[in-house]
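Observations on the three-dimensional arrangement
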Amino acid sequence: MKAFREHVSERLSRIEGQGLRRHARDVAGPQDGWLWVDGRRVLCLCSNNYLGLARHPALLAAVREALELDGFGAAASRQVSGNMRLHRQAELALAHFLEQEAGVLFASGYACNTGVLQALADRGDVIFSDRLNHASLIDGARLSRAEVVVYEHADIDDLRAKLHAHRHRGHGALVVTESLFSMDGDVPPLRPIAELARAFDAGLVVDEAHALGVLGPMGRGMCAEVGVVPDVTIATLGKAFGGQGAFALGTLEVVDLIRNRARSYVFSTAPSPAMAAAALAGLRLIREADGLRRALRQHAARLREGLHALDYRVLSGDGPIIPVVIGTPEATMALSSALFERGLFVHGIRPPTVPAGTGRLRIVPIATHTTDDIDHALSVFAEVPR
Ligand SMILES: *Cc1c(COP(=O)(O)O)cnc(C)c1O
């Protein structure tokens, strides 16, 4: 046997050799449009804090009040130490907002997706999964032990062909997609996907992590925008909501099955009641945030046009996520560092997060940026060597 420490060093060197070793920078102070990072004042273009709510006074006040009334710890899994008042309230409010019957909170989107897919599918079932689905959805499908059929990204013809080819297999089927893809920033054809799922008796699971709060009427997401009610809606509270955690919504029975079977729910301490309070406060803010959503849209459009005019390879789309494809991991990270040296905090995305050869900058403005901030960013993109 190889000595354990030697094994660890070798693995790390291999990651380093592939240009894929990850280092996170240190941030002082709250997440916002401008940050102190590694001792430098930089414009933040890499967070999912889309509406700038992470430090909103109303959110902080709600958390303080919850700490006073309900304490911080949830003490155990809810099956064990019970549902706290704020868990129930947040679940009801979120379900109501998205016109579903019931909801269940999780400590994170990762825990939610692994739990929900594992709970709703089983050996013998089939999960049809978009090629670009988030790692948490991929892992949830694996945990379920169902057969996983990957269809080409947002490709309705491929999904139809695969549903057709498997129509006599398995006991049950799920179609799983994001509604705004996190690394490509595009939106799949949700209505045709929903119609196909129904035609083949498959359940539809839509992960609205990046769309909720940002897109659709009152920020109700892409499904509301196109008039689809999926069998299961998943969304996170750590992005536009400015908090932490996630939730799944569906019928009373679907949610009951998740509560009974999702291992990340049953065998995990419930989220803090303060987190549920932040969800409720975030929801109140998001309902009223048309002005912030308009600002975010305008900033994104200005950045897209400006980057395009500078001959950057901007992937098409019109949401708040602006992917600029660079290529190799080394070139991607070199450009990200050069931008940082010039005061722009832009994250480079490498495999395995995105397919090999498509290393990219993932540029995301925040609603609370000013137009001057955006123009400043574009002037840096114009002068940085590439
Ligand atoms: C971020 C994200 C998750 C994970 O949510 P966390 O709360 O960060 O764990 C799940 N799905 C998608 C599509 C995401 O982008």
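All residue numbers refer to position in the chain's written sequence, counted from 1. Two thresholds apply to this predicted model, a pLDDT of at least 70 for residue-level local features and 80 or more for giving and counting side-chain atom pairs, whereas whole-chain, interface and lining totals are computed over all residues. Computation of side-chain values: all heavy atoms of the structure, hydrogens and water removed.

**Some remarks on the overall build of the protein**
Defined as follows: Elements are defined by DSSP. Helices are runs of H or I of four residues or more, strands are runs of E of two residues or more, and each kind is numbered from the N terminus. We take the radius of gyration over the C-alpha atoms and set the globule estimate at 2.2 Å times the residue count to the 0.38 power. Burial classification: accessible surface area is computed with a 1.4 Å probe over protein chains only, and a residue below 20% of its type maximum counts as buried, one above 50% as exposed, and the rest as partly exposed. Any two residues having at least one pair of non-hydrogen atoms within 4.5 Å are treated as being in contact.
Secondary structure summary: the protein contains 15 helices and 14 strands in total. In summary, the protein has a C-alpha radius of gyration of 21 Å against a globular reference of 21 Å for 386 residues, a match within 12%. Taking the principal axes of its C-alpha atoms as reference, the protein extends roughly 55 × 55 × 55 Å. Classification of the 386 residues of the protein by burial places 53% in the buried group. For the protein, long-range pairs separated by at least 24 residues make up 70% of all intrachain contacts whose partners lie at least 6 apart in sequence.

**Re empty space enclosed by the protein**
Selection rule: Buried and open spaces are told apart on a 1 Å grid over the protein atoms alone, a cavity being a set of points where a 1.4 Å probe fits but cannot get out and a pocket being an open set with protein on both sides within 12 Å along at least five of seven lines. Residues with an atom within 4 Å of a point are the lining residues. Grid points are joined across faces, edges and corners, and a volume is the space filled by probe spheres set on the points. Amino acids are sorted into nonpolar (Ala, Val, Leu, Ile, Met, Phe, Trp, Tyr, Cys and Pro), charged (Asp, Glu, Lys and Arg) and polar (every other residue, Gly among them).
A complete count under the given rule lists one cavity of 30 Å³ or more for this structure. Estimates place the volume of the largest cavity at around 70 Å³. Its residues placed into classes, the lining of the largest cavity shows six nonpolar, four polar and one charged.

**Things to note about helix H1 (residues 4-17)**
The cut-off we apply is this: Between the first and last residue of a helix there are one fewer steps than residues, each counted as 1.5 Å, and that sum is the expected span.
Between the first and last C-alpha of H1 there are 20 Å, a value that for 14 residues agrees with the 20 Å anticipated at 1.5 Å per step. Directly after H1, the chain includes Gly19, whose backbone phi takes a positive value near 70 degrees.

**A short note on the nonpolar core**
Operational definition: As used here, the term nonpolar core means buried Ala, Val, Leu, Ile, Met, Phe, Trp, Tyr and Cys residues forming a set that is joined through side-chain atoms within 4.5 Å.
Residues Leu51, Val175 and Phe247 are the most contacted members of the largest nonpolar core, which totals 56 residues. Residue contributions to this core peak at nine residues, all from helix H12 (residues 273-287). For Leu51, the residues in contact, after removing those within four places along its chain, are Gly213, Ala240, Ile286, Ala289, Leu292, Arg293, Leu296, Ile366, Ala367 and Thr368. Among the nonpolar cores identified, the runner-up in size contains 25 residues, and Phe106, Cys112, Val116 and Val255 belong to it.

**Quick word on the site of the ligand**
This is how the line gets drawn: Summary of the distance rule: residues count as near a molecule or strand when at least one heavy atom falls within 4 Å of that molecule or strand. Polar contact criterion, stated in full: a pair of N or O atoms within 3.5 Å, where within protein one must be able to donate a hydrogen and the other to accept it, and residues adjacent in sequence count only if both atoms are side-chain atoms. A molecule is counted as occupying a cavity or pocket when more than half of its atoms fall within 2 Å of that pocket's grid points.
Taken together, 14 residues are adjacent to the ligand, and Gly109, Tyr110, Asp207, His210 and Lys239 come closest. A distance of 3.4 Å is found between a nitrogen atom of the ligand and a side-chain nitrogen or oxygen belonging to Asn113. Within the side chain of His210, an N or O atom sits 2.5 Å from an oxygen atom of the ligand. Judged by its atoms lying within 2 Å of the grid points, the ligand is housed in the largest pocket. By residue number, the principal contributor to the shell around the ligand is helix H5 (residues 109-120), which donates three residues. Partitioned by chemical class, the residues of the shell around the ligand number two nonpolar, nine polar and three charged.

**Structural notes on the pairing of strand S14 (residues 359-363)**
Put simply, the rule is: DSSP bridges decide pairing: two strands pair if at least two such bridges lie between them.
The buried count for S14 comes to five of five residues, which makes it a mostly enclosed element. Of the two faces of S14, the one carrying Gly359, Leu361 and Ile363 and the one carrying Arg360 and Arg362 are both buried. Relative to S14, strand S11 (residues 322-327) runs antiparallel, the two being bridged by five bridges. For Pro323, the partnering residue across the bridge sits in S14 and is Arg362.

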